[in-house]
Amino acid sequence: MFALALTGCGDKPQPQAAQPPAVTIAQPVKRTVTDWDEFTGRFEAIEEVQIRARVGGFVTSVEFKDGAIVRAGDLLYVIDPRPFEAVALQADGQLADARAKVELAKRELDRGLNLVQTSAVSEQVVDQRRQALQAAHAAEMQAEGALKAAKLNIEFTHVIAPIAGRVSRHLVTPGNLVQGAEGGATLLTSIVSLDPIYIYFDVDEATYLKNNRLWFEGRRPSSRDTANPVEVLLSGETKPSHEGKMDFLDNRLDVSTATLRSRAIIPNKDLSILPGQFGRVRLIGSAPYEALLIPDTAVATDQSRKIVFVVKDDNTVEAKSVTLGPLDEGLRVIREGIKAEDRVIVDGLQRARVGAKVTPQVAHAAPAGAKP
């Protein structure tokens with residue numbers, strides 16, 4: 001039994017060789033992409049109106065709901081029109097009196113012209129009657145102007161919306177006295193248009209020079225004469241939710257910031273965007289070109305360099321320094337550093353060591369029609 005025990009102790013299992021760590025590899029995706037430049041912008045209304053009283057008087061009613069959508073021509077305020085109606089009635093009477101005097105002056109002039117032929121009256125009398133008719137016509141015109149002004153004041157007592165848009169709150173309640181244009185017009189409310197809406201943003205000088213160079217080379221249309229498309233991301237969004245087009249470029253750069261003020265116009269059918277909001281503007285920054293793309297997670301950082309790990313034919317790992325481009329539909333554009341046939345490690349970077357062997361596993365293809 002002792003001999004058998006010694007024999008059993010001598011049969012030790014041999015250790016198995018360690019397997020190389022498994023990593024997931026994939027070849028770069030090759031497709032046509034277009035670069036986009038991004039800027040921070042602020043939305044502004046295309047039309048904005050401050051509603052002020054054009055005549056003085058007491059406010060009798062407010063005809064809108066605070067923050068509501070109004071149309072051009074909607075009634076907003078009513079100012080007591082009775083004083084202006086009385087002035088208009090008085091002006092109407094003055095006009096009637098002036099017209100009666102014109103008729104009388106015409107008849108007297110006609111009689112004088114007939115009498116002067118028989119020397120019954122002198123030429124001086126005829127000249128005086130002709131001058132009296134001209135004065136009567138002048139008085140008639142003054143009376144007509146006074147009546148028109150009185151009717152305009154009556155019209156101004158009904159404050160209407162000059163544009164369509166969203167109205168602010170009412171700043172004057174019924175019973176308050178407001179001042180007209182002659183004494184510093186009282187601010188009643190304001191209206192801003194919402195659809196479409198502008199977004200203003202500043203383009204840095206380097207981007208402007210790059211785009212200008214592309215235009216000279218015929219590889220990108222200028223936004224001065226072409227409505228280049230733009231995409232807009234609102235706060236908290238990761239994908240563009242609105243599309244628009246370029247509308248304006250300023251004629252000079254701001255000397256204090258070295259930026260060019262630019263503007264795009266954005267449809268706002270659902271009225272969800274308000275003036276004053278911030279947004280990220282994406283503007284076409286290149287002509288379409290063929291590019292290699294890999295998942296952004298496959299890019300590692302080595303001090304100041306960006307690198308990717310590639311599996312060579314003998315299944316050893318090699319690090320390649322790359323030049324990155326922008327993100328395009330979730331994939332990172334690689335401008336320089338890799339080839340289309342390279343097997344890039346896209347998962348398991350923490351297990352990869354330069355010069356060590358790995359067990360590569362090909363990444364599964366995405367379903368047809370799925371986003372990468």
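Report follows, based on the coordinates.

### Digging into the pairing of strand β22 (residues 343–347)
Moving on, step 1. In terms of strand pairing, strand β1 (residues 22–26) meets β22 through three bridges, oriented antiparallel. Along β22, the bridge assignment pairs A26 with V344.
Moving on, step 2. Taken together, the two bridges between strand β19 (residues 305–311) and β22 define a ladder with antiparallel strand orientation. Note on β22: the bridge partner recorded for V310 is V344.

### Notes on the packing of aromatic side chains
Moving on, step 1. Scanning the entire structure with this criterion turns up four aromatic pairs.
Moving on, step 2. Here the aromatic rings of F39 and F201 are separated by 5.5 Å at their centres, their planes lie at 20 degrees, and the arrangement is stacked. A residue pair is termed long-range when its members are at least 10 positions apart, and F39 in strand β3 (residues 36–45) and F201 in strand β12 (residues 197–204) qualify at 162 residues.
Moving on, step 3. Taking relative accessible area as the criterion, F39 reaches 6% and is therefore assigned buried.
Moving on, step 4. For F201, a relative accessible area of 2% gives the class buried.
Moving on, step 5. Ring plane angle 55 degrees and centroid distance 4.8 Å describe the contact between W215 and F216, whose orientation is recorded as tilted.
Moving on, step 6. Among the residues examined, W215 registers a relative accessible area of 38% and is labelled partly exposed.
Moving on, step 7. On the accessibility criterion, F216 (64% relative accessible area) is exposed.
Moving on, step 8. In this arrangement the basic side chain of R54 is found over the ring face of F156, its NZ or CZ atom lying 3.9 Å from the centre.
Moving on, step 9. Positioned over the ring face of Y198 is R263, at 4.0 Å from the centre of the ring.

How each quantity is defined
Residues numbered from 1 in each chain as written. Predicted model: local features only at pLDDT ≥ 70, side-chain atom pairs only at ≥ 80, totals over all residues. Heavy atoms only, no water. Pairing = 2+ DSSP bridges. Helix = DSSP H or I, 4+ residues; strand = E, 2+ residues; numbered from the N terminus. Phe/Tyr/Trp six-rings, centres within 6.5 Å; stacked < 30°, edge-to-face > 60°. Buried < 20%, exposed > 50% of the residue type's maximum accessible area, 1.4 Å probe, protein only. Lys NZ or Arg CZ within 6 Å of the ring centre and 35° of its normal.

That's the geometry; what it means functionally is another story.
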